[in-house]
Amino acid sequence: EMKRLTIAIDGPAGAGKSTVARRVAEEMGLLYVDTGAMYRAITWKALQSGIDLSDEQGVAGIARETEIELNPPEVRVDGIRVTEAIRSPEVTQHVSKVAKMAEVRRVLVEKQRRLARDGGVVMDGRDIGTHVLPDADVKVFLTASLEERVRRRHLEMIRRGFSSDPDRLYQEIKQRDEMDENRSHSPLRPAADAVIMDTTGRSIDEVVSMILDLCRTKVSGGE
Ligand code: CDP
Ligand code: CDP
């Protein structure tokens with residue numbers, strides 16, 4: 001019987017985490033968990049409620065009382081479908097501020113660990129290998145140059161029918177990465193035992209097969 005693998009995929013914005021993690025999960029028949037969608041869901045609800053986002057107690061209360069359902073690619077917050085709404089520029093602009101809050105992270109990390117309790121998951125985010133699932137069987141840290149990540153996001157926005165300004169995207173991604181890397185709780189960084197993959201110039205297919213190879217090595221080679 002094959003062990004039900006736990007795979008952690010971290011990295012900065014636009015590195016390809018969600019695209020690649022979803023594909024790897026599909027190929028291996030595992031559950032895909034997008035933790036970024038959870039931070040976005042809390043940010044969306046906080047913005048909806050009109051609460052001041054610097055009110056840390058208020059935002060923490062929202063995190064504790066909100067039901068988040070992930071049913072890839074669908075996301076629901078308290079039963080409301082928010083799949084597209086959580087990717088809005090407004091949510092994107094505020095999410096790293098919410099993700100800095102210790103109590104918000106505590107609540108979401110608990111949910112994430114519960115989802116991964118029995119293994120058989122591919123989870124992507126910023127702190128999965130370092131904090132959420134430190135015992136994951138496979139840890140990947142995906143990166144690409146800032147310029148390439150901006151280009152990918154720009155093309156994606158156009159494809160989804162939004163207008164997109166590359167200079168603004170550049171500033172937004174750079175600033176969000178800096179906030180994620182420099183916060184005190186679970187900052188974005190590779191785990192000591194993560195395999196770092198620079199995906200600059202690599203296709204989605206290439207990256208997916210690199211990760212599948214890594215998983216095969218893990219299964220056949222043991223520890
Ligand atoms: O898809 P994109 O890279 O734009 O972002 P995301 O993965 O949806 O994550 C949105 C934000 O949530 C990140 O910029 C982080 O501030 C936060 N996040 C986090 O702090 N920890 C995670 N495990 C996942 C996301
Ligand atoms: O989740 P994360 O923010 O790390 O990135 P993503 O949303 O999965 O990928 C951002 C965009 O880059 C998507 O439109 C992908 O199709 C694209 N992409 C790519 O062009 N080449 C790759 N090797 C990976 C992703």
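Residues numbered from 1 in each chain as written. Chains lettered and ligands numbered in written order. Predicted model: local features only at pLDDT ≥ 70, side-chain atom pairs only at ≥ 80, totals over all residues. Heavy atoms only, no water.

(A) Fine view of helix α8 (residues 166–182). Its 17 residues give α8 an end-to-end C-alpha distance of 24 Å, which sits within 8% of 24 Å, the value for a rise of 1.5 Å per residue. Every buried residue of α8 is listed here: L169, I173, R176, D177 and D180. The arc enclosing the buried residues of α8, seen along the axis, measures out at 100 degrees, which places them on a common side. Turned more than 90 degrees away from the buried face of α8, the exposed residues are D167, R168, Q175 and N182. (Helix = DSSP H or I, 4+ residues; strand = E, 2+ residues; numbered from the N terminus. Expected span 1.5 Å × (residues − 1). Buried < 20%, exposed > 50% of the residue type's maximum accessible area, 1.4 Å probe, protein only. Arc of directions from axis to C-beta.)

(B) Representation of the sheet that holds strand β7 (residues 138–143) within the structure. Read across the sheet, five strands follow the order β2-β6-β1-β7-β8 without closing on themselves; strand pairing throughout is parallel. Each of the sheet's edge strands pairs with one partner strand only, and the pair in question is β2 (31–34) and β8 (195–198). When the angles between neighbouring strand axes are averaged without regard to direction, this sheet yields 20 degrees. Of the strand pairs in this sheet, β7 and β8 are connected by four bridges, and their pairing is parallel. (Pairing = 2+ DSSP bridges. Axes fitted to C-alpha atoms, helices over the stretch in contact; angles between N-to-C directions.)

(C) Structural context of the site of ligand 1. The local shell around ligand 1 holds 20 residues, among which R40, R105, R153, D180 and R183 are the closest. Here an oxygen atom of ligand 1 and a side-chain polar atom of R126 are 3.1 Å apart. Between ligand 1 and D180 there is a distance of 2.6 Å, counted from an oxygen atom to a side-chain nitrogen or oxygen. Protein coverage of the free-state accessible area of ligand 1, which is 530 Å², stands at 97%. Among the secondary structure elements, those contributing two or more residues to the shell around ligand 1 are α2 (35–49), α4 (89–99) and α8. (Near = heavy atom within 4 Å. Polar contact = N/O pair within 3.5 Å; in protein donor to acceptor, adjacent residues only side chain to side chain. Areas by Shrake-Rupley, 256 points an atom, 1.4 Å probe, with all protein chains shown as cover.)

(D) Inspection of the sheet that holds strand β4 (residues 74–77) at higher detail. Strand order in the open sheet formed by three strands is β3-β4-β5, with antiparallel pairing between adjacent strands. Lying at the two open borders of the sheet, with one neighbouring strand each, are β3 (68–71) and β5 (80–81). Bridge analysis of β4 against β5 gives two bridges, and the strand direction is antiparallel. Paired with R76 across the two strands is R81, which belongs to β5.

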